[in-house]
Amino acid sequence: MSEASKTILDIRNLDISFKTNAGTVHAIRGVNIDLCKGETVAIVGESGSGKSVTMKAAMGLLDSNATVNSGEILYTYTDEKGKEQTVDLLKLPKKVLRQQINGQRIAMVFQDPMTSLDPTMTIGKQIMEGMFLHKNMSKEAAKARAIELLNLVGIPDAEKRFKNYPHQLSGGMRQRVVIAIALSADPDILICDEPTTALDVTIQARILELIMDIQKKMKLSVIYITHDLGVVAKVADYVDVMYAGKIVEVGNVNEIFYEPKHPYTWGLLSAMPDLDTDDDRLYSIPGSPPNLLHEPQGDAFAARNPFALAIDEKAEPPLFQVSRTHFAATWLLHPDAPKIEMPKELEARLERARKEVEKYL
Amino acid sequence: MSEPLLKVENLKQYFPISRSYTVKAVNGVSFNIYPGETYGLVGESGSGKTTIGRSIIRLYNPTGGKVTFNGRDISGKMDNATRDMLRKDMQMIFQDPMASLNPRKKVADIIGEGLDIHKRYASRQDRADQISEMLKKVGLSPEHAARYPHQFSGGQRQRVGIARALIMQPKLVIADECISALDVSIQAQVVNLMKDIQEETGCAYLFIAHDLSMVKYISDRIGVLHLGYLVEAGTKEEIFSNPIHPYTKSLLSAIPHPNPEVEKRRQSIAYDYATSGIDYAKGTEHSVGGAHTVLATDAEFDAWTRPSIQQEKLRGT
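In short, a report on the structure. (Residues numbered from 1 in each chain as written. Chains lettered and ligands numbered in written order. Predicted model: local features only at pLDDT ≥ 70, side-chain atom pairs only at ≥ 80, totals over all residues.)

**Some points on the overall build of chain A**
Counting secondary structure elements, chain A contains eleven helices and twelve strands. Against the 2.2 N^0.38 benchmark of 21 Å for 361 residues, chain A shows a C-alpha radius of gyration of 21 Å, consistent with a compact globule. By the burial criterion, 46% of the 361 residues in chain A qualify as buried. In chain A, the proportion of contacts linking residues at least 24 apart, taken out of those at least 6 apart, comes to 64%. (Helix = DSSP H or I, 4+ residues; strand = E, 2+ residues; numbered from the N terminus. Rg over C-alpha atoms; globule rule 2.2 N^0.38 Å. Buried ≥ 20, exposed ≤ 12 C-beta atoms within 10 Å, placed from the backbone. Contact = placed C-beta atoms within 7 Å.)

Written as structure tokens, this is what we have:
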């Protein structure tokens, strides 16, 4: 499936560090991510794992104390003349990036709809803003398009709502408006940074279904940044699990959820109670994420990993290939490693999950 | 069953906005919490679950109804002894660990504030001992006492919030969305901690959240709130295996499962109060069996319970 479709965003060996008062924080340590046209990639990890920074780099939104040490972000698009172009977003001048890429080709939906809208502007104006800037639309055309977008994202009475201010809308409605703004210039790529964390479950489900629906209609490629595995299961085609500035496991969504290989992924899956969890205690990954001020020796996850091997302290594991699309960075997959299976509780849970699937087939 | 620790009867909480407009946040909610149990309140934002918690602990003055805690009425005017009892025996853990800790105070003083106010220590040494013991109990080290909140991570800060609530040895802790702002793996740590402390001290929790899988995990009994009405209540097994009210069904269907194949095929059930034709104000409490109750009119109750039996049959064939 990935061979047939074209890679649209290709992040290669990205390495970013931040200068702070306490020293240099090596936040991203060699990240590779592929995004193909029309597909959805989810980046999963705890706060501080570097998932947001990776995407901010692609948008040119990095803070001024950040340095890109190496790597490239290749973005392939078809320009106005119908010619295919590939650019390195990290090398583009900021001005070009702002005028031609951000908002127009790559749009972003932020976490908190309360703070990402301008409280002094009507939502209609905010939606039209991008169209004036990027598409040189006339006012009438822009308004018609804005109302069309409001309808698309499922806001009733779009004509009336057009003149509303953000505070007159509920949280779910506001996030819909943010999505409408992101879609206003027909982007190729939509980056959703924790789009539903601030919303409650019923609205979360509706927003996710909405994004999936629009994705199909507009052939968008979507990147989700999230720590909620339930969301990932619902929307993603491919999953990248990130830990301490590295991708530790990557695979398609079924591989990650039904045959996880990395102990960190085991931990994440076990920590989330499903509705059949009856154990006395929830599994929690012991300890806390490493402080990247001090470059970890060997595997960054070793200190929190109950299955750590002696070699984990010394050398960082490379990505071992499990299947054509599935890779994991853990020494457990090395041919010489002792045979270690995932924890029994998780095994039982995955078994239950597979059984549940059969009911739906 | 023993005497309930907290008895909420027909609690009403209105907020007058202007002369002609009043927000009715809580409309006659009743439930009991027994010593040592965990009662979960779930509902979407704006359903009044936080307001209930705040009315019970008297951050608001209830508009109507009766709240009895520890055998004493705490909903009306209280005498000094009752207020002291309430302030000591009921504590709250807040949602946002960033905003609920005073940034200018050291952790020792944040945790010790209750001790200071109620003079619950014999000497300075005793106070310091109590604080460091509490810090150990919530998984922090006594050296952390001299630090400021901003020096902690989110999960650690929430532990400070828990320590502050528990140092008063409360009988009831109101945990208002206390894990919503935390990462998945940190959530598990905090929930485990809360369970351990409950086993050790026997305190009861009123656990307010919108994450249903976590509520199911921690609670003994659950109440489902919508628009200020308690639409369904029961033990967690009753609610999750046999939801009656359409709102509960929609809420349960919205829970994301960490199971991609199922998740991609499943559609959540939509529920819109305005078009559903249900009037909560007309409903009365109907018993489904056991502790399970649902808010409905007689006709609605019949309609909701009958098709579920038919569905059972369909599933059987």
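**Some points on the environment of Arg87 of chain B**
Residue and element names in this part refer to chain B. The residue Arg87 is located in helix α2 (residues 80-89) in this model. Overall, the presence of 17 C-beta atoms within 10 Å leaves Arg87 in the partly exposed class. The sequence separation of Arg87 and Arg58 amounts to 29 residues, and the corresponding C-alpha distance is 9.3 Å.

**Here's the deal with the sheet that holds strand β1 (residues 6-16) of chain B**
Backbone-to-backbone hydrogen bonds pair the strands of a sheet. The strands run either parallel or antiparallel. Residues and elements named next belong to chain B. The strand order across the open sheet built from four strands is β2-β1-β4-β5, with neighbouring strands paired in antiparallel fashion. The open sheet is flanked by β2 (22-33) and β5 (72-73), the only strands paired with a single partner. Judged from the nine bridges that link them, β1 and β2 form a sheet pairing that is antiparallel. Across the sheet, Lys12 pairs through a bridge with Asn27, a residue of β2. (Pairing = 2+ DSSP bridges.)

**Looking at the packing of helix α3 (residues 123-135) of chain A against helix α4 (residues 139-152) of chain A**
Residues and elements named next belong to chain A. Axis separation between α3 and α4 bottoms out at 9 Å; the angle between their running directions is 120 degrees. By the criterion of interaxial angle, the relationship of α3 to α4 is oblique. The element α3 and its partner α4 pack so that their crossing is right-handed. Taking contact as the criterion, the partners of Gly124, Ile127, Met128, Met131 and Phe132 in α3 are, on α4, Ala142, Lys143, Arg145, Ala146 and Leu149. Per-class residue counts for the contact of α3 with α4 are seven nonpolar, one polar and two charged. (Axes fitted to C-alpha atoms, helices over the stretch in contact; angles between N-to-C directions. Parallel < 35°, antiparallel > 145°, perpendicular 65-115°, else oblique. Left-handed = near helix turned anticlockwise from the far one by under 90°. Nonpolar A, V, L, I, M, F, W, Y, C, P; charged D, E, K, R; others polar.)

**As for helix α3 (residues 107-118) of chain B**
Note on helix geometry: an α-helix contains 3.6 residues per turn, so any two residues three or four positions apart are oriented the same way. Residue and element names in this part refer to chain B. Buried residues of α3: Val107, Ile110, Ile111 and Gly112, and no others. The inward-facing, buried residues of α3 abut α4 (124-137) and α5 (154-166). Two residues or fewer past α3, Lys119 is found with a positive phi of approximately 50 degrees.

**Here's the deal with the nonpolar core**
Nonpolar side chains in soluble globular proteins generally cluster together in the buried interior. With 179 residues, the main nonpolar core has Ile223, Tyr224, Val232 and Val239 of chain A together with Leu172 and Leu206 of chain B as its most contacted residues. Sort the elements by how many residues they give to this core and helix α6 (residues 171-183) of chain A lands first, with eight residues. (Core = buried A, V, L, I, M, F, W, Y, C linked by C-beta atoms within 7 Å.)

**Structural notes on unusual backbone geometry**
Residues and elements named next belong to chain B. For Asn70, which is not glycine, the phi torsion reads 60 degrees and is therefore positive. Take Asn70: there are 18 C-beta atoms within 10 Å of it, and that puts it in the partly exposed class. Although it is not a glycine, Glu177 sits at a positive phi angle of roughly 50 degrees. Structurally, Glu177 is set in the loop between β7 (172-176) and α6 (184-201).

**Considerations on the interface of chain B and chain A**
Between chain B and chain A, the contact holds 31 residues from the first and 37 residues from the second. Of the residues forming the side of chain B that touches chain A, the biggest block, six residues, is contributed by α6 of chain B. Grouping the constituent residues of the side of chain B that touches chain A by class yields 14 nonpolar, eleven polar and six charged.

**Re the pairing of strand β4 (residues 66-78) of chain A**
All names here are of chain A. Of the pairings in the sheet, the one linking strand β1 (residues 7-20) to β4 comprises eight bridges and is antiparallel in character. Within β4, the residue paired with Ile11 across the bridge is Ile73. As defined by bridge partners, β4 adjoins strand β5 (residues 84-88) across five bridges and the pair is classed as antiparallel. Paired with Tyr77 across the bridge in β5 is Gln85. Taking the residues that link successive antiparallel strands as the turn, the β4-β5 hairpin has five residues, and the phi of Gly82 there is positive, at about 85 degrees.

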